[in-house]
Amino acid sequence: MATTAGLITVAEFEKLPEQHNVRQELRHGEVVTMPPPTMRHNRAARKLMLALHGLLGHRGYVNSELPFRPLPDYEVWIADVAFLSREREANTADNEWVQGAPDLVVEVLSPSNTAVEMDERRSICIENGCRQFWVVNAERKTIGVSTPDAKTITYRKDEQIDFAEFGGGELSLAD
């Protein structure tokens, strides 16, 4: 099932047997099994998903654990939380993964994440359709928001993230 370089493609990844209660991604043609998230991670992701749904749900699709293909051949990633415009959601069939990166990708830091990994995820997502990439540090109560203009702004607990890029509104980190 492996290709000549020992890597597997998305088509081969799709054929792997499903493993219950195991979260896997395809990264650069290699299957990566990730440890289960902690309660802090789960709570942060849930709060963000609910807040984003309240702000953006009428403009598209907000969900947690959203699988997507940021690049076509050797990548299938899972966003902790993501937003897709109505058009992007409508263009994704029920039996497919989202093509390209979601419009908004939220990654909640876990002990297993590295700075190199987050930088790479940010770059690839921004280069493939993502309008905002968030890195959430639940312990420090900060959110780093990166945009295609190569800017990253770090928001703290008493600040608000502006949603002009998505049609307006604000998210208060205090909430």
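Refer to the structure above for everything that follows.
Now for a description of the structure that goes with this document. (Residues numbered from 1 in each chain as written. Predicted model: local features only at pLDDT ≥ 70, side-chain atom pairs only at ≥ 80, totals over all residues. Heavy atoms only, no water.)

### A short note on unusual backbone geometry
For K141, which is not a glycine, the phi torsion comes out positive at approximately 60°. Take K141: it is sitting in the loop between β7 (132–137) and β8 (142–146). Taking the relative accessible area as the measure of exposure, K141 reaches 54% and is therefore exposed. Phi is positive for A150, which is not a glycine, with a value near 70°. Relative to the helices and strands, A150 is located in the loop between β8 and β9 (152–155). When its relative accessible area of 73% is taken as the criterion, A150 is described as exposed. (Helix = DSSP H or I, 4+ residues; strand = E, 2+ residues; numbered from the N terminus. Buried < 20%, exposed > 50% of the residue type's maximum accessible area, 1.4 Å probe, protein only.)

### Structural notes on the layout of surface pockets
Approximately 500 Å³ is the volume found for the largest pocket. Around the largest pocket sit 19 residues that line it, and A44, K47, K141, L173 and D175 are the ones nearest its centre. Taken together, the elements giving at least two residues each to the lining of the largest pocket come down to α2 (39–56), β7, β8 and β11 (170–172). Considering each element in turn, the lining of the largest pocket owes the most residues, 7 residues, to α2. In the lining of the largest pocket, the residues fall into 10 nonpolar, 3 polar and 6 charged. Roughly 400 Å³ of internal volume is contained in the second largest pocket. Along its surface, the second largest pocket is lined by 15 residues, and F13, E18, Q19, V22 and Q24 are the ones closest to its centre. Secondary structure elements with two or more residues in the lining of the second largest pocket: α1 (10–14) and β1 (23–27). (1 Å grid on protein atoms, 1.4 Å probe; cavity = no way out; pocket = protein on both sides within 12 Å on 5 of 7 lines; lining within 4 Å. Points joined across faces, edges and corners; volume = space filled by probe spheres on them. Nonpolar A, V, L, I, M, F, W, Y, C, P; charged D, E, K, R; others polar.)

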